[in-house]
Amino acid sequence: MSLPVEKWAEQIRDGDIRAISRAITAIENHAPEAEPLLKVLFPQTGAAYLTGITGAPGTGKSTLVDRLAAYHRKKDVRVGVIAVDPTSPYTGGAILGDRIRMQSHAGDAGIFIRSMATRGFLGGLARATAEVALLLDAAGKRQILIETVGVGQDEIDIVRLADCVVVVLVPGLGDDIQNMKAGLMEIGDIFVINKSDREGADRLEEQLQAMLALVMPRDGWHPPVIRTVATENKGIQQLADAIGKFRAHFESSGERAKKHTEHWRNRLLELIESRILERVLSAVGGEAALNQLAAEVARRQKDPFAVVNEILAKSGLQD
Ligand SMILES: Nc1nc2c(ncn2[C@@H]2O[C@H](COP(=O)(O)OP(=O)(O)O)[C@@H](O)[C@H]2O)c(=O)[nH]1
Ligand SMILES: [Mg+2]
């Protein structure tokens, strides 16, 4: 077992696209080989910079990601793209868009694009995304762009993974700022007004600046507002510069290291939780036995506290 994993890891480090794809599938399926693989790869990670791009569907996130990716590729920086947006053109739902998008980077081994389904991951979407990012990091991608729709706890958790969070807005959605989740306002490190070729960009920027004036700057960072027209490649340089500035700011203040420690603290807790749960469930006899016990509690044949004590005793976690 250890030899194939070593070999697989080597292929991933070399950027072998098929080896990376297989590994992502293993991560998504929570396959038993995913963990040993990530364990082998872990020492080679930590060099990638993760940028989360979030915003409502149709705001142009995929287009922006595509342009940012092209920007980095021009500088010969290797790029990984993870799209966890159900409306993303990278996903099967919009095959035509997917093909067009892929074509613009076709034959470029320096970029890896993967879209992930948004539901049904064992252990959660945020975990799967975190592990895929780790994998791409090990594969030598120095810029990892994660596209998510800014709704739901899952998406917020994903965005928290990122070193830098870019929130995308567009003019003409009426009271969009007011409708924007307060949480997004707080986690945005950079705000983009995309489609600024459209009417209402000035008004939106005014509203946005007014709201941002109320947000407490974190470590002296005031989130800038960048205007872009992604389809015309306008403002991409400015956006990339802003991300670079943010990176420099937080690397020097030590804030990024703190964020990483916080991230790993949460991951460790999750890992412990899932390990313990696995152990407990197998001791009790699996899901079916658990359902049986739950039915007995529901019928008041047993009390839940006695059942928990019994289960923990069986799994050796309590005597
Ligand atoms: N007018 C205009 N259209 C844009 C701009 N950026 C993206 N679009 C278009 O908006 C639509 C949605 O873009 P997409 O990137 O798929 O948005 P996403 O759902 O946020 O990923 C597409 O038809 C894009 O071509 C822009 O800056 N200006
Ligand atoms: Mg999209």
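You'll find the structure just up there.
Read on for a plain summary of the structure. (Residues numbered from 1 in each chain as written. Chains lettered and ligands numbered in written order. Predicted model: local features only at pLDDT ≥ 70, side-chain atom pairs only at ≥ 80, totals over all residues. Heavy atoms only, no water.)

1. Some words on the packing of aromatic side chains
Basically, it comes down to this: A pair of aromatic rings is counted whenever rings of Phe, Tyr or Trp (Trp by its six-membered ring) have centres within 6.5 Å, and the orientation is called stacked for planes under 30 degrees apart, edge-to-face for over 60 and tilted otherwise. The numbering of helices and of strands both runs from the N terminus, where a helix is a DSSP run of H or I of at least 4 residues and a strand a run of E of at least 2. Burial classification: accessible surface area is computed with a 1.4 Å probe over protein chains only, and a residue below 20% of its type maximum counts as buried, one above 50% as exposed, and the rest as partly exposed.
Scanning all chains against the criterion turns up four aromatic pairs. Arranged with centres 6.5 Å apart and planes meeting at 65 degrees, the rings of Trp 221 and Phe 250 form a pair that is edge-to-face. You can see Trp 221 sitting in the loop between helix 10 (201–212) and strand 7 (225–227) and its partner Phe 250 sitting in helix 11 (residues 236–253), a full 29 residues away along the chain. The exposure classification of Trp 221 matches that of Phe 250, with both residues buried.

2. Regarding the pattern of salt bridges
The condition that has to hold: By definition, a salt bridge exists where a carboxyl oxygen of Asp or Glu is found within 4 Å of a side-chain nitrogen of Lys or Arg.
Taken as a whole and judged by the stated rule, the model has 16 salt bridges. Across the salt bridge formed by Glu 131 and Arg 127, the nearest N and O atoms sit 2.7 Å from each other. Of this pair, Glu 131 and Arg 127 are both found in helix 6 (residues 125–138), four residues apart, which corresponds to roughly one turn of the helix. Note on Arg 127: relative accessible area 8%, which makes it buried. The shortest N-O distance in the salt bridge between Glu 296 and Lys 302 comes to 3.1 Å. Classification of Glu 296 by relative accessible area gives buried; the value is 15%.

3. Points about helix 6
Every α-helical turn comprises 3.6 residues, leaving residues that sit three or four positions apart pointing alike. Basically, it comes down to this: For a helix, the expected span equals 1.5 Å multiplied by the residue count minus one.
Between the first and last C-alpha of helix 6 there are 20 Å, a value that for 14 residues agrees with the 20 Å anticipated at 1.5 Å per step. Of all 14 residues in helix 6, 14 are buried, a share of seventy percent or more. Positive phi shows up at Gly 140, right after helix 6, with a value of about 90 degrees.

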